[in-house]
Amino acid sequence: SAAKTGLLSPNRILNIAHRGASGYAPEHTLASYQKAKELDGDYLEIDLQMTKDCTLVAMHDEDVSRTTNSDGKVSDLSLDAIEALDAGTWFNDEYPYQAESAFSQLTVPTLEEVIDTFGSEVNYYIETKTPSEEPAMVDTLLRILQKHHLVGEDVPSGKVIIQSFSKNSLLEVHQKEPSIPLIQLIHFRKKAMLTDPEVDEIKSYAVGIGANYESLSKEFVGELRNDGLLIHPYTVNEPADMKRLIDWGVTGIFTNYPDRLHDVVDGM
Ligand code: G3P
Ligand code: CA
């Protein structure tokens, strides 16, 4: 089992609960995060969207239609309107074998509600989504993290990781709060590849990359590790894929099933 070294140790396989334990409960709800904590995920993974009145909420899509009982863009809806939505019935309809009647009572949580609920008992792996359309996103996020004492010198390194597909968003965080470790997300269309200058550029602000796992090769993972970068593939739900990626040297995995990843790691 994983040695209890620092969260960012390259010798650890971080168990990143993707949208919470979203294989078992509706993604990005308190139930999903609670399940992630129970299943001993190292991180709650949280995607951010911003409401019309500039509150950060936990949601993957820009539009509420897939994961609630309504439609419309988050950025066109007030917090009151978002908080009135049912964030769980869609899951019961789509995954009848995982359905629970209590899920129909779930709401879309604000980031602060998640932090108020779990405090410093868990670690947070937070993604700024579409930050170019929400210029206040990074400042708002940093203010919340500061208020809740989740950043700063006396906070363990890696308590909060910030990830983004947007390099500009990460650079803004790096400039304003350089102590926060950053992960550059990349979606490789084909085989994963980075030139030496690209690797150097990423290393200047980030501790690693997150990448779609299907694009990865043993060679690429090995090179990245040699370059001193962490690598966290997403989103890996099958044990055979987890095992192969760990054999190649990945340092963490985004999964909807934190228990499956624990079983794989314990069996290796
Ligand atoms: O953040 C890693 C992974 O979650 C990226 O994909 O679309 O699930 O946010 P997505
Ligand atoms: Ca994400």
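Above this note sits the structure.
Quick caveat: nothing in here was measured; it's all calculated off a predicted structure.

Analysis parameters
- Residues numbered from 1 in each chain as written.
- Chains lettered and ligands numbered in written order.
- Predicted model: local features only at pLDDT ≥ 70, side-chain atom pairs only at ≥ 80, totals over all residues.
- Heavy atoms only, no water.
- Core = buried A, V, L, I, M, F, W, Y, C linked by side-chain atoms within 4.5 Å.
- Buried < 20%, exposed > 50% of the residue type's maximum accessible area, 1.4 Å probe, protein only.
- Helix = DSSP H or I, 4+ residues; strand = E, 2+ residues; numbered from the N terminus.
- Contact = heavy atoms within 4.5 Å.
- Pairing = 2+ DSSP bridges.
- Donors = N, O, S within 2.8 Å, 3.2 Å for Na, K, Ca; no water.
- 1 Å grid on protein atoms, 1.4 Å probe; cavity = no way out; pocket = protein on both sides within 12 Å on 5 of 7 lines; lining within 4 Å.
- Points joined across faces, edges and corners; volume = space filled by probe spheres on them.
- Nonpolar A, V, L, I, M, F, W, Y, C, P; charged D, E, K, R; others polar.

A. Local environment of the nonpolar core. Counting 60 residues, the largest nonpolar core has Y124 and L145 as the members making the most contacts within it. The biggest single contributor to this core is helix α5 (residues 137-147), with six residues. In this structure, Y124 is in contact with Y43, L44, I46, V114, I115, F118, G119, L150, K159, V160 and I161, ignoring residues within four places of it in sequence.

B. Quick look at α5. Every buried residue of α5 is listed here: M137, V138, T140, L141, L142, I144 and L145. Where α5 is buried, its residues touch β2 (43-50), β3 (56-58), α4 (111-118), β4 (123-128), β5 (160-164) and α6 (167-176). In the segment just after α5, H149 is the residue with positive phi, at about 55°.

C. Quick look at the pairing of strand β1 (residues 14-17). Side chains L14 and I16 project from β1 onto one buried face, and the interleaved N15 and A17 project onto a second face that is buried too. Both β1 and strand β9 (residues 252-255) contribute to a ladder of four bridges, which runs parallel. Its bridge partner being in β9, L14 is matched across the sheet by G252. Inspection of the sheet shows β1 paired to β2 by two bridges, in the parallel sense. The partner of A17 across the bridge, within β2, is L44.

D. Molecular detail of the coordination of the calcium ion (ligand 2). Every protein donor of the calcium ion (ligand 2) is listed here as E45 (OE), D47 (OD) and E127 (OE), and their distances to the metal cover 2.2 to 2.4 Å. In the primary structure, the donors to the calcium ion (ligand 2) are separated according to the pattern E-x1-D-x79-E. Here D47, found in strand β2, pairs with E127, found in strand β4; they are 80 residues apart in sequence, far enough to count as distant. Taken individually, D47 and E127 each receive the classification buried, so the pair is uniform in this respect.

E. How the structure looks around empty space enclosed by the protein. Counted under the stated rule, the structure contains one cavity of 30 Å³ or more. Within this model, the largest cavity holds a volume of roughly 60 Å³. E27, H28, T29, A58, M59, H60, T67, A87, V108 and P109 together form the lining of the largest cavity. Class assignment for the residues of the lining of the largest cavity results in five nonpolar, four polar and one charged.

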